[in-house]
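Letter by letter, the chains look like this.
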Amino acid sequence: MNLTALHAFGAELLQANKIDSGKKDKAFAERFTQHLDTIESLFNEIYAGHPKRNESFDATLASIIHNYKERPATFLNKDIAKEKKGNWFLSNEITGMSLYVDRFAGSLKGLADKLDYFDELGVNFLHLMPVFESPAGESDGGYAVSNFRKVDERFGNNDDLNALIKKMNTQNMYLMLDIVLNHTSHHHEWAQKAKSGDPYYQDFFYFYDNRDIPNQLDQTMPEIFPESSPGSFTYIQECNKWVMTVFHNYQWDLNYSNPAVFVAMLDTVLHYANLGVDILRIDAPAFIWKQLGTTCQNLPQAHTLLRLIKQCVQVASPGMAILGEAIVAPDEIIKYFGTDNYTAKECDVAYNATQMALQWDAIATGDTRVMLSAQHPIMQKPFGCTWISYTRCHDDIGLGYDDYMIERAGFNPYQHRTFLKNYFAGWHEGSISAGALFSVNPKTNDARISGSLASLCGLEKAVEWKSEIEVENALRKIILMQAQTMFMGGIPMLFYGDDLAYTNDYSYLQDPGKSYDNRWMHRPVMNWERNEKRKDVDSFEHRIFNDTKKLIATRNALPVLSDTKNVTWMTPHNIHVAGFIRSNKANQLYCLFNYKNTASFVTWFAFKEHGERPSVLHDHWTGQDFKVGNDNEYFVLPPYSFAILESVESK
Ligand code: GLC
């Protein structure tokens, strides 16, 4: 359609749907008209040749209008408030926590009773791990959804979710929920109908009559869970066909080349916006487009679909930001913020999975050279977008940075990765870490790492060894890791339990629905009696809780830590120390992190290379002031410590 015809078509549609373009719905009508052209062109990029193109395009627009009309007044007002703030999610005053509702608080009602805990800590943003219906035993932690609109009975019901969200809103808290876009549970209604032979629903998935195409695809598709779910296809006896199952065999991949799938899932995205979601975590977006002869990850069409979703959200519920959970190679992650004409117009937020893994590299080696040699893709994040900055989450740690980055730092990639895996699995001589290898692929030698923050940092073994020195080191490492995460830029996302130094929880081994997946070792069940120990000054819980709380408060107090793309790495004068500057017009903050188990020395010259020549530096963490010395003198960082320094004169 040409632009004039398209706009006339849009205007008619608004009128037919009783949109008050002149008054009440003026802003919506303007957004609709402005974005229509882009929505159409993105839609056509994928579906132009499809026989159901026209009806699906109409259904897409109908879904946008319908969901806008359904949007509760509270969230319409919140949209306006957010728009006034600009990119609200860049703020230094947002700190998140990711948690399982049942393991954290029993139920949604229980969680609503725990909001004071978050307030005490300083957390004002919650990522609830998937809460929608998911069959027990075949749930992948909720990422195998059988009903996208019904809260799982394990957590309560839809009213409980709404009540929680309402309470969070009155306490000015932000919310993140997942949309599991790539697949459904095999118990989902669509999958059930497909199983029983309904061709309409078989087309919602990737079905094959025989192994011909699956065999070809298997040649190029990497396995995600090689141990528990090898290959990417599952035989379905009921209909004597094969279906694509990239993750577990009970998670069926949705077929986005069918526009009916897109329309149905977009409608769910917009429905979640109307529940009051502030950031929507799009699960596994790298996988949503499949093509023979490719890895079926990060394909251009996956980006087009995300851009299309972003545009539709921008029209119907502009206050909801989009997070793309793309845990892929550094050069690929950055593309989820959009490229070329779509720069900063795809996902608003992405996980800084590269930086997370690099910090684990540094804690194991005591050396920051790999971290530095891998910064260039991270630094390309466009203005207006941000990271989820994290140390641990519910998933494993993948050493996802590239081999050339390790080489450039002076190491042999194979030996380096082998060392890291052995170190965190606790196999390396003297390793204090108590993690485990996850998804070991004997064909490729790949493996990822499971384990809680505290156990990976050595607390579990240190206690077992009754070593006071190692306990002290472990506690320091935990806070060092969290500190770099907090000050690096992006929304810090804590993982529940890490704020109280929880070590691995091995109870998952007794549950057949979990024992095949060692990621459960770092998904603890909260013990609220134990959590009271945070008030006991002699406990680890107290030390870690208080330091985490202090980190959040320190970050909240320093607007220069808003993510305005203002990170500059300092010259690496000492390989054990990661140092960068966060700056704005008024301030320059020197953030230094010592990954070594001994003191590290940094020449005072390092602080004079970046425009300022400070004479006294104030450390926001310890409260100490340091007189800046000569270039042949040093600023000394104790073992596993950090400093957040600001020139006192510039204040
Ligand atoms: C994401 C989730 C992970 C899950 C996978 C499949 O990566 O974080 O936990 O297993 O998607 O849904």
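Turning our eyes to something else, we now look at the site of the ligand. Residues in contact with the ligand, as listed here, are Asp140, Tyr143, His183, Phe225, Phe247, Gln251, Arg281, Asp283, Glu325, His394, Asp395 and Arg519. A distance of 3.0 Å separates an oxygen atom of the ligand from a polar side-chain atom of Arg281. The side chain of Glu325 places a nitrogen or oxygen atom 3.0 Å from an oxygen atom of the ligand. Contact with the protein chains removes 94% of the 310 Å² of surface that the ligand exposes when unbound. Residue contributions to the shell around the ligand reach at least three from each of two domains, namely domain 1 (84-184 + 257-560) and domain 2 (185-253).

Another aspect to go through is the domain arrangement of the chain. What the domain assignment lists for the chain is domain 1 (84-184 + 257-560), domain 2 (185-253) and domain 3 (566-650). Of all residues in domain 1, Thr184, Lys290 and Leu292 bury the most surface against domain 2, accounting for 21% of the area lost on that side. Linking domain 1 with domain 2 are two salt bridges. The partner of Glu223 in a salt bridge is Lys443, with the nearest N and O atoms 3.0 Å apart. Where domain 1 packs against domain 2, one counts 16 residue pairs in polar contact (both at pLDDT 80 or more). Those elements giving two or more residues to the side of domain 1 that touches domain 2 turn out to be strand S4 (147-151), strand S6 (183-185), helix H12 (259-275) and strand S15 (436-441). Considered class by class, the residues forming the side of domain 1 that touches domain 2 number 17 nonpolar, 14 polar and seven charged.

Here three strands make up an open sheet; going across it, the order is S7-S9-S8 and the pairing antiparallel. Since the sheet does not close on itself, it has two edges, and those belong to strand S7 (207-208) and strand S8 (233-236), each with one partner. The pairing of S7 with strand S9 (residues 241-244) spans two bridges and is antiparallel. Within S9, the residue paired with Phe207 across the bridge is Val243.

Moving on, we get to the pattern of salt bridges. In total, this model carries 39 salt bridges according to the counting rule given. In this structure, the salt-bridge partner of Asp25 is Lys24, at a minimum N-O distance of 3.1 Å. On the accessibility criterion, Asp25 (4% relative accessible area) is buried. For Arg369, the salt bridge is made with Asp367, and the minimal N-O distance between the two is 2.7 Å. Arg369 sits in the partly exposed class, given a relative accessible area of 35%. Salt bridges linked by common partners bring Asp140, Asp395, Asp517, Arg519 and Arg523 together as one network.

Bridging between S8 and S9 involves four bridges; their strand directions are antiparallel. By the bridge assignment, Ile236 is partnered in S9 with Lys241. Count of turn residues in the S8/S9 antiparallel hairpin: four residues, of which Asn240 carries a positive phi of about 55°.

Quick look at the sheet that holds strand S20 (residues 588-594) now. Pairing within the open sheet is antiparallel, and its six strands lie in the order S18-S19-S20-S25-S22-S23. Looking at the sheet topology across the chains shown, the edges are occupied by strand S18 (567-569) and strand S23 (625-627). The sheet shows a mean angle of 30° between the axes of neighbouring strands, direction not considered. Of the pairings in the sheet, the one linking strand S22 (residues 616-619) to strand S25 (residues 642-647) comprises three bridges and is antiparallel in character. Its bridge partner being in S25, Asp619 is matched across the sheet by Leu645.

Packing of H12 against helix H13 (residues 300-316) leaves a shortest axis separation of 11 Å and a crossing angle of 45°. Our classification of the angle between H12 and H13 gives oblique. For the pair H12 and H13, the sense of crossing is right-handed. Contacts between H12 and H13 pair Phe262, Leu266, Val269 and Leu270 from the former with Leu305, Leu308, Ile309, Cys312, Val313 and Ala316 from the latter.

Let's shift gears to the environment of Arg154. Inspection of the secondary structure assignment puts Arg154 in the loop between S4 and helix H8 (158-170). Sequence separation of Arg154 and Val131 is 23 residues, and the distance between their C-alpha atoms is 8.7 Å. Those residues in contact with Arg154, other than ones at most four positions away along the chain, are Asp102, Gly106, Ser134, Ala136 and Ser139. Polar side-chain contacts of Arg154 include one of 2.7 Å to the backbone oxygen of Ser134.

So, on to helix H19 (residues 413-424). Along its twelve residues, H19 runs 17 Å from first to last C-alpha, staying within 8% of the 16 Å computed at 1.5 Å per residue. Buried within H19 we find Pro413, His416, Arg417, Leu420, Lys421, Tyr423 and Phe424. For H19, the angular spread of buried residues about the axis comes to 165°, placing them on one side. For H19, exposure combined with an orientation more than 90 degrees from the buried face picks out Tyr414 and Gln415.

Conventions we followed
Residues numbered from 1 in each chain as written. Predicted model: local features only at pLDDT ≥ 70, side-chain atom pairs only at ≥ 80, totals over all residues. Heavy atoms only, no water. Near = heavy atom within 4 Å. Polar contact = N/O pair within 3.5 Å; in protein donor to acceptor, adjacent residues only side chain to side chain. Areas by Shrake-Rupley, 256 points an atom, 1.4 Å probe, with all protein chains shown as cover. Domains from an automatic or database assignment. Buried area = accessible area lost by both parts, 1.4 Å probe. Salt bridge = Lys/Arg side-chain N within 4 Å of Asp/Glu carboxyl O. Helix = DSSP H or I, 4+ residues; strand = E, 2+ residues; numbered from the N terminus. Nonpolar A, V, L, I, M, F, W, Y, C, P; charged D, E, K, R; others polar. Pairing = 2+ DSSP bridges. Buried < 20%, exposed > 50% of the residue type's maximum accessible area, 1.4 Å probe, protein only. Axes fitted to C-alpha atoms, helices over the stretch in contact; angles between N-to-C directions. Parallel < 35°, antiparallel > 145°, perpendicular 65-115°, else oblique. Left-handed = near helix turned anticlockwise from the far one by under 90°. Contact = heavy atoms within 4.5 Å. Expected span 1.5 Å × (residues − 1). Arc of directions from axis to C-beta.

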